[in-house]
Amino acid sequence: MGIFSFLRDVGEKLGIGSAEEAPPADTLQKSVKDLGLNAENLQIKVDGDTVKVAGTAPSSSIREKIILALGNVTGVAQVEEEIDVEEKEPDAVFYEVKKGDTLWAIAESHYGKGKGGEYNSIFEANKPMLTHPDKIYPGQVLRIPPM
């Protein structure tokens, strides 16, 4: 089981709920499904600003994307997960975007000086939540895959 913290008042607004409380479970379930993430076996429950998710994901990267898809929503401060993984992959690092960050700068800070060109790896690792490399915002949590 993992517990992940997010900034409650930052994230995608799903049209229901507030910065004080997460959207209803069915709205979150639909959001995960709309992103094309395998949500068939997932059970999502909401308790105030905490989202609890359990089930099975086809891979570690899908598990991480589900956690981020649920956590990067206005009103969610914490995601508690019990997601089993069918195909284990090396874990990614989660990184909270700071004011002034770019994917290039994040790549250099995680992969080393001169490795900013690896920003596309970070962008690809966060699809479908990211639609463009320039559309990141402070407080958003991103997956930083191993090189």
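That block above? That's the structure.
Because the structure is predicted, anything quoted here is derived from the model rather than measured.

1. Observations regarding the overall build of the protein chain
When helices and strands are counted, the protein chain shows four helices and six strands. Element order for the protein chain, N to C, with α for helix and β for strand: β-α-β-β-α-β-β-α-α-β. Over its C-alpha trace the protein chain gives a radius of gyration of 15 Å, about what one expects of a compact globule, namely 15 Å for 147 residues. By principal-axis analysis of the C-alpha atoms, the protein chain measures approximately 45 × 35 × 25 Å. Residues counted as buried form 43% of the 147 residues belonging to the protein chain. Intrachain contacts of the protein chain at a sequence separation of at least 6 include 67% that bridge at least 24 residues.

2. Quick notes on the layout of surface pockets
In this structure, the largest pocket spans a volume of roughly 180 Å³. Taken together, E12, L35, L68, A69, N72, P128, M129, L130, K135, Y137 and Q140 make up the lining of the largest pocket. Residue classes in the lining of the largest pocket are distributed as seven nonpolar, two polar and two charged.

3. Description of the environment of E118
Along the chain, E118 falls in the loop between α3 (103-111) and α4 (119-125). A relative accessible area of 28% means that E118 is categorised as partly exposed. In this structure, E118 is in contact with A107, Y111 and M147, ignoring residues within four places of it in sequence.

4. Side note on empty space enclosed by the protein
Enumeration according to the criterion identifies one cavity of 30 Å³ or more in this entry. Considered as a void within the structure, the largest cavity measures approximately 30 Å³ in volume. Around the largest cavity, the lining residues are L68, N72, N126, M129, L130, Q140, V141 and L142. Tallied by class, the residues present in the lining of the largest cavity amount to five nonpolar, three polar and no charged.

5. Side note on the packing of aromatic side chains
Inspection of every chain in the model, using the stated rule, returns two aromatic pairs. When the centroid spacing of 5.4 Å and the interplanar angle of 40 degrees are considered together, the rings of F4 and F94 count as tilted. Taken together, the residues F4 in strand β1 (residues 2-5) and F94 in strand β5 (residues 93-96) connect sequence positions 90 residues apart. A residue is classified by how much of its surface remains accessible, and F94, at 25% relative accessible area, is partly exposed. An angle of 35 degrees between the planes, with centres 6.1 Å apart, marks the rings of W104 and Y119 as tilted. Here Y119 lies in helix α4 and W104 lies in helix α3, a separation of 15 residues in the sequence. Relative accessible area serves as the criterion here: at 46%, W104 is assigned to the partly exposed category. Note on Y119: relative accessible area 29%, which makes it partly exposed. Its guanidinium or amino end placed over the ring of Y95, K98 lies 5.1 Å from that ring's centre, counting from NZ or CZ.

6. Quick word on the nonpolar core
Soluble, globular proteins show a tendency: their nonpolar side chains are buried together. Counting residues in each nonpolar core, the largest one holds 22 residues, and the members touching the most others are F6, V32, V51, V53, I66, L70 and V79. Counting residues per element, the ones that place at least two in this core are α1 (25-34), β3 (50-59), α2 (60-71) and β4 (78-87). Looking at which element gives the most residues to this core, the answer is α2, with six residues. If you look at the next biggest cluster of nonpolar residues, it comprises twelve residues, including I106, I122, I136 and L142.

Rules used throughout
- Residues numbered from 1 in each chain as written.
- Predicted model: local features only at pLDDT ≥ 70, side-chain atom pairs only at ≥ 80, totals over all residues.
- Heavy atoms only, no water.
- Helix = DSSP H or I, 4+ residues; strand = E, 2+ residues; numbered from the N terminus.
- Rg over C-alpha atoms; globule rule 2.2 N^0.38 Å.
- Buried < 20%, exposed > 50% of the residue type's maximum accessible area, 1.4 Å probe, protein only.
- Contact = heavy atoms within 4.5 Å.
- 1 Å grid on protein atoms, 1.4 Å probe; cavity = no way out; pocket = protein on both sides within 12 Å on 5 of 7 lines; lining within 4 Å.
- Points joined across faces, edges and corners; volume = space filled by probe spheres on them.
- Nonpolar A, V, L, I, M, F, W, Y, C, P; charged D, E, K, R; others polar.
- Phe/Tyr/Trp six-rings, centres within 6.5 Å; stacked < 30°, edge-to-face > 60°.
- Lys NZ or Arg CZ within 6 Å of the ring centre and 35° of its normal.
- Core = buried A, V, L, I, M, F, W, Y, C linked by side-chain atoms within 4.5 Å.

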